[in-house]
Amino acid sequence: MAYDKFNILKSTAVPLPIENVDTDQIIPARFLKATERKGFGDNLFRDWRYNPDNSPKKDFVLNDPTYSGKILVGAKNFGSGSSREHAAWAVYDYGFRCVVSSFFADIFKNNCLNIGVLPVQVSAPFLEKIYAAIEADPKTELVVNLPEQTITLSSTGESESFDINHYKKDNMLNGFDDIDYLLNIKENIREFAQDTPL
């Protein structure tokens, strides 16, 4: 399933300064029945966003019109818990294209990379600067530059580099998942197969 190409993202951000956010909080287990990637955004952080009667919880950040954008700023150890890929699907389907944290659970991080959500791991001090900037001005923008592998606070110009696997980076720049990548090089594969003796 192809997704949007990721190059440079300039956006306001939604702060979620809660540590150890696990995948069951991101998308509760009762919503895992679907096998397609669509529709999960409605239930992103479902139990934090809604009361039992399905009315929105006004104090949760996704229900606060003060904050918006395509970047979610999480805290340390974001995406821990079970390996459900639906958590990454929910983040993408809601509209986020980047999640920032000082530490990601490995499986969640890879699931994000597989579907077009860029996990940007920054230092704890830089994460605190991001939170402070958003608190001071919710319209603060972050610039995430995938080719240069940098994230910049527009308000101050402060920047930090982040790491990403070269193969995953190339896929995100082209909007490929693993199958799209293979389809894109199918002629190379065919040529290699023809030239390689059994």
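In this text the structure is predicted, and so the values were computed from the model without any measurement.

### Topic: the overall build of the chain
Logical step 1: When its secondary structure is counted, the chain shows eight helices and seven strands.
Logical step 2: Considering only C-alpha atoms, the chain reaches an extent of 65 × 45 × 25 Å along its principal axes.
Logical step 3: Taken across its 198 residues, the chain has 44% of its residues classed as buried.
Logical step 4: Contacts spanning at least 24 positions in sequence make up 66% of the contacts within the chain whose residues lie at least 6 apart.
Logical step 5: Here the chain displays about 10,500 Å² of accessible surface, and carbon together with sulfur accounts for 50% of that area.
Logical step 6: Positive and negative side-chain charges in the chain, numbering 21 and 28 respectively, have mean positions lying 4 Å apart.

### Brief notes about the layout of surface pockets
Logical step 1: Looking at the largest pocket, its volume works out to about 160 Å³.
Logical step 2: P15, P17, K58, D59, F60, V61, D64, Y67, Y131, I134 and E135 are the residues that line the largest pocket.
Logical step 3: Among the elements that line the lining of the largest pocket, the one with the most residues is helix α5 (residues 124-136), at three residues.
Logical step 4: Grouping the constituent residues of the lining of the largest pocket by class yields seven nonpolar, no polar and four charged.

### Remarks on the nonpolar core
Logical step 1: Membership of the largest hydrophobic core comes to 54 residues, with the highest contact counts inside it found for F45, V73, F78, V100, L118 and V144.
Logical step 2: Those residues in contact with L118 that lie beyond four places of it in its chain are F6, R97, C98, V99, L113, V144, L146, F162, I164 and M172.

### Things to note about the environment of F162
Logical step 1: Mapped onto the elements, F162 comes out in the loop between β7 (159-161) and α6 (166-174).
Logical step 2: Each C-alpha atom of the pair F162 and G175 lies 20 Å from the other, and the pair is 13 residues apart in sequence.
Logical step 3: Dropping the residues within four chain positions of it, F162 is found in contact with L118, V120, Q121, V144, N145, L146, Q149, T150 and I151.

### Examining the sheet that holds strand β4 (residues 118-121)
Within a beta sheet, neighbouring strands are joined by backbone hydrogen bonds and run either parallel or antiparallel to one another.
Logical step 1: One open sheet holds the seven strands; their spatial order is β4-β3-β2-β1-β5-β6-β7, and the pairing between them is mixed. Strands at the two margins of the open sheet, each flanked by one partner only, are β4 and β7. Between one strand axis and the next, the sheet turns by 30 degrees as a mean value, whatever way the strands run.
Logical step 2: Pairing of strand β6 (residues 150-153) with β7 involves three bridges; the strand directions are antiparallel. Paired with I151 across the bridge in β7 is E160.

### Observations concerning unusual backbone geometry
Logical step 1: Here the phi dihedral of N20 falls at roughly 60 degrees; this positive angle occurs in a residue that is not glycine.
Logical step 2: One non-glycine residue, F45, adopts positive backbone phi at about 50 degrees.
Logical step 3: Summarising the element assignment, F45 is placed in the loop between α1 (23-26) and α2 (46-49).
Logical step 4: Classification of F45 as buried rests on a relative accessible area of 1%.

### Overview of α5
Logical step 1: Spanning 13 residues, α5 covers 18 Å between terminal C-alpha atoms, matching the ideal 18 Å at 1.5 Å per step.
Logical step 2: Inspection of α5 places F126, L127, I130, Y131, A133 and I134 among the buried residues, and these make up the whole buried set. Along α5, the residues classed as buried sweep out an arc of 165 degrees about the axis, all on the same side. Relative to its buried face, α5 has exposed residues pointing more than 90 degrees away, namely P125, E135 and A136.
Logical step 3: For α5, the elements touching its buried residues are β1 (8-16), β2 (71-74), β3 (98-101), β5 (141-145), β6 and β7.

What counts, and at which threshold
Chains are numbered independently. Their residues run from 1 in the order of the written sequence. Thresholds applied to this predicted model are a pLDDT of at least 70 for local features of residues and 80 or more for the giving and counting of side-chain atom pairs; totals over whole chains, interfaces and linings are not thresholded and use all residues. The basis for the side-chain values is all heavy atoms of the structure; hydrogens and waters are excluded. By definition, any uninterrupted DSSP run of H or I lasting at least four residues is a helix, any uninterrupted run of E lasting at least two residues is a strand, and each is numbered from the N terminus. Relative accessibility thresholds used throughout: buried, under 20% of the residue-type maximum; exposed, over 50%; partly exposed, between the two (1.4 Å probe, protein chains only). In this description, contact between two residues means that some pair of their heavy atoms is separated by no more than 4.5 Å. Each accessible area value is a Shrake-Rupley result obtained with a 1.4 Å probe; residue values ignore everything except the protein chains displayed when judging cover. In summary, the charge assignment counts Lys and Arg as positive and Asp and Glu as negative, without counting His or the chain termini. In this description, the location of a charge corresponds to atom NZ of lysine, CZ of arginine, CG of aspartate or CD of glutamate. Only protein atoms enter the 1 Å grid used here. Points where a 1.4 Å probe fits but cannot escape make up a cavity, open sets with protein on both sides within 12 Å along at least five of seven lines make up a pocket, and a residue lines them when an atom lies within 4 Å of a point. Grid points are joined across faces, edges and corners, and a volume is the space filled by probe spheres set on the points. In this classification, Asp, Glu, Lys and Arg are treated as charged, Ala, Val, Leu, Ile, Met, Phe, Trp, Tyr, Cys and Pro as nonpolar, and every other residue, Gly included, as polar. What we call a nonpolar core is a set of buried Ala, Val, Leu, Ile, Met, Phe, Trp, Tyr and Cys residues that are connected through their side-chain atoms within 4.5 Å. Should DSSP find at least two bridges between two strands, the strands are regarded as paired. Between N-to-C directions, angles cover 0 to 180 degrees, with each direction set by a line fitted to C-alpha atoms, over the stretch in contact for helices. Expected span of a helix: the number of residues minus one, times 1.5 Å. Here, the arc refers to the directions that run from the helix axis to the C-beta atoms.

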